[in-house]
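# Observations on chain architecture
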Amino acid sequence: MSDYINKIKEIFSQRETPPLCFLHSFGCQQNVSDGEKILGSLVKMGYGVTEDMSAADLIIYNTCAVRENAELKVYSLIGNLKKLKENNPNLIIGICGCMAQEEKTVENIKKSYRHVDLIFGTFAVRELPRLLYEVLSEKKKAVDINEYSGEIPENVSAYRTDRIKASVPIMYGCNNFCSYCIVPYVRGRERSRKPVAVLNEVRELADAGYKEIMLLGQNVNSYGKNLENPVSFAELLREINKIDGDFKIRFMSSHPKDATTELIDAIAECDKVCKHMHLPLQSGSDRILEAMNRKYTTEKYLKIVDYARSIMPDFSFSTDIIVGFPNETYEDFQQTLDIVKRVRFDNIFSFIYSKRTGTKAAEIEDRTSDEDKSRWMRELLEVQRDITDSGFKRFVGRTLTVLFDSESKTEGYCSGKSDEFIIVEAKSDTSVIGQWKQVKITKAFNWALQGEIVD
Ligand code: SAH
Ligand code: SF4
Ligand code: F3S
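Note that the structure is a prediction, hence the values are computed from the model and not measured. Along each chain, numbering runs from 1 in the same order as the chain's sequence is written. The naming scheme follows written order: chains are lettered A onward, ligands numbered 1 onward. Restriction of local features to residues with pLDDT of at least 70 applies here, the model being predicted, together with a cutoff of 80 or more for giving and counting side-chain atom pairs; totals for whole chains, interfaces and linings are based on all residues. The side-chain figures draw on all heavy atoms in the structure; neither hydrogens nor water molecules are used.

Let us now look at the overall build of the protein. Helix and strand assignments come from DSSP, with helices taken as H or I runs of at least 4 residues and strands as E runs of at least 2, each series counted from the N terminus. When helices and strands are tallied, the protein shows 13 helices and 19 strands. Each radius of gyration is computed over the set of C-alpha atoms, and the globule rule expresses the reference value as 2.2 Å times the number of residues to the power 0.38. Expected size for 455 residues packed as a compact globule is a radius of gyration near 23 Å; at 23 Å, the protein falls within 12% of this value. Over its C-alpha atoms, taken along the principal directions, the protein stretches across nearly 65 × 55 × 50 Å. Relative accessibility decides the category of a residue: with a 1.4 Å probe and only protein chains considered, values under 20% of the type maximum give buried, values over 50% give exposed, and everything between is partly exposed. Looking at the protein as a whole, 55% of its 455 residues are labelled buried. Note on contacts: a residue pair is in contact if any heavy atoms of the two residues lie within 4.5 Å. Here the contacts in the protein between residues at least 6 apart in sequence split such that 73% fall between residues at least 24 apart.

Now the structure itself:
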């Protein structure tokens, strides 16, 4: 690949100023992290990075396929680029990420969005120099949605704009095939990075002064199972916790089927690991969980929650919920509400089921109406609003550890996230941004906490 990088550099050497690239990532943090890798690779080729799309010589949309509306949005944005291309025929337009990995997207784009020059899937990030060289030198379209196998490439560093928080992928792909989900089809089989690669990257970030490291994977709880020398996620956490530095560790996402008491013990014992877990429940009905192929019961889910809270009473859980899985009934949905009330999540991300062609659930004839699904969604949001309202009150009078990352909308205040992943704001000048501080909570809103910095 370095051959192609040099060839591209040579093309650019005739320019007076370096070419600029613009990239936007949709979807989950894993995709955002891939976007940082892609930018890292483009910088190596000689590109500068711009946030101004109209100034760019290369525009890339890094797409998400998880729900239909995510896809529709991307199509409309790609449509908008046609004008830019007409005004600037040298502009290169690229589509990558999860949508691009799907054959049907490639066909659609070739047919109806002819101004797109470059399409590459989630595996082909490593092939970007070759693909871009083809577009630059031969002025032809380049498409690569092959599923490359073999070692995870470790030679490109991420281009990071955030100086406070960084994410580190620890694994790629997914083996779970939840019946509604497109991710395993567009990201391939699960593969873990070697512990040494993860540890080195975290060490570099800690040395560079990063205050929060987010470990990423579709199911971090099954990290390391397929390595030549298997390691558990709990073991990895303990190793990362030993790295020197003033930083904290978060991770996303955990699958309840692989959440163990060993993991909870590791979280409790590691001082750098935040006392929060994003543990997607999806549904509170065992019948629906089975139809979703989630491979756990509500009983198993609650056991983990109860165990965590038995040793860390304030442990914070957030979750994902799908409302309106095919043929879900109101009784099923009420069971979801029951668990939501029982667990008292600090945050819920809820989605109305979206049919994804190619998945098992897409084959089910769905008799639940869209009106019912929307009504249930509103009911869930209302229930959760009350829970966050009263749940956040438990922190009033207590002192939380908060990483400040920005100025707040409230004048004279800065805001950040607590160890529990709750937004906290406090009166302060901007010198606290980028630091972990102790904040005594004085007020609870249903979206955030307010307090005074005590240390
Ligand atoms: N790997 C992560 C989730 C990745 S997708 C995990 O298992 O936790 C993020 C969330 O999108 C999922 O948790 C699920 O709630 C939601 N989601 C996935 N497919 C969906 C679909 N077809 N319709 C609606 N929501 C979906
Ligand atoms: Fe999708 Fe399930 Fe894999 Fe998460 S664990 S990415 S929901 S298949
Ligand atoms: Fe979307 Fe792909 Fe992530 S489908 S949620 S960007 S893994």
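Turning to the packing of aromatic side chains, a few remarks are in order. Any two of the Phe, Tyr and Trp rings considered here, Trp counted by its six-membered ring, make a pair once their centres fall within 6.5 Å; the pair's planes then place it as stacked at under 30 degrees, edge-to-face at over 60, or tilted in between. Under the defined criterion, the tally for this structure stands at 14 aromatic pairs. Taken together, a centroid distance of 5.0 Å and an interplanar angle of 80 degrees make the contact between Phe12 and Tyr47 edge-to-face. Pair noted here: Phe12 is in helix α1 (residues 2–13) and Tyr47 is in the loop between α2 (29–45) and β2 (48–49), with a separation of 35 residues, a long-range link. Ring-pair connections join several aromatic residues into one group, and the members of that group are Tyr296, Tyr301 and Phe345. In this scheme, Lys NZ or Arg CZ marks a charge over a ring once it lies within 6 Å of the ring centre and within 35 degrees of the ring normal. Lying across the ring of Phe351, Arg67 places its NZ or CZ 3.7 Å from the centre. The ring centre of Trp436 lies 5.4 Å from the NZ or CZ of Lys248, which sits over that ring.

As a further point, take the site of ligand 1. Think of it this way: one heavy atom of a residue within 4 Å of a molecule or strand is enough to make that residue near it. Contacts to ligand 1 come from 15 residues, most closely from Gln218, Pro280, Gln282, Asp320 and Ser354. Any pair of N or O atoms that falls within 3.5 Å is considered a polar contact. Within protein, one atom must be able to donate a hydrogen and the other to accept it, and sequence-neighbouring residues count only if both atoms are side-chain atoms. Side-chain polar atom of Gln282 to an oxygen atom of ligand 1: 2.7 Å apart, as the coordinates give it. With the chains in place, 91% of the 540 Å² that ligand 1 exposes on its own is no longer accessible. For the shell around ligand 1, the secondary-structure elements that each account for two or more residues are β13 (316–323) and β14 (347–352). When its residues are assigned to classes, the shell around ligand 1 shows seven nonpolar, four polar and four charged. Accessible surface is estimated by sampling points in the Shrake-Rupley manner with a 1.4 Å probe; for residues, cover comes only from the protein chains shown. Basically, the charged four are Asp, Glu, Lys and Arg, the nonpolar ten are Ala, Val, Leu, Ile, Met, Phe, Trp, Tyr, Cys and Pro, and anything else, Gly included, counts as polar.

What follows covers helix α9 (residues 261–269). Buried residues of α9: Leu263, Ile264, Ala266 and Ile267, and no others. Summarising the axial view, the buried residues of α9 lie within an arc of 160 degrees, below the 170-degree limit, and thus occupy one face. Contact partners of the buried residues in α9: α8 (233–241), β11 (248–252), β12 (276–278) and α11 (298–311). Relevant arc is that of directions from the helix axis to the C-beta atoms, nothing else.

Attention now goes to the sheet that holds strand β16 (residues 413–418). By the convention used here, strands pair only if DSSP detects at least 2 bridges between them. As summarised here, the arrangement of the five strands in space is β15-β16-β17-β19-β18, forming a closed barrel in which the pairing is mixed. Taking each pair of neighbouring strands and ignoring which way they run, the sheet shows an average axis angle of 50 degrees. Note that β16 and strand β17 (residues 423–427) share five bridges and pair antiparallel. When the bridges of β17 are listed, Lys417 appears paired with Ile423. Lines are fitted to the C-alpha atoms to define the axes, a helix being fitted only along its stretch in contact, and any angle between axes, read from their N-to-C directions, falls within 0 to 180 degrees.

Moving on, we get to the site of ligand 2. Looking at ligand 2, the residues that line it are Cys174, Asn176, Phe177, Cys178, Tyr180, Cys181, Val183, Pro184, Gln218, His255 and Arg294. Looking at the shell around ligand 2 residue by residue, the class counts come to seven nonpolar, three polar and one charged.

Let us now look at the pattern of salt bridges. The working definition used for a salt bridge is a side-chain nitrogen of Lys or Arg within 4 Å of a carboxyl oxygen of Asp or Glu. Overall, the coordinates contain 30 salt bridges when judged by the stated rule. Lys85 is paired through a salt bridge with Asp117; the nearest N and O atoms lie 2.8 Å apart. In this pair, Lys85 sits in helix α3 (residues 68–87) while Asp117 sits in the loop between α4 (103–112) and β5 (118–120), placing the two residues 32 residues apart along the sequence. Put simply, Arg398 and Asp314 hold a salt bridge, and the shortest N to O gap is 2.5 Å.

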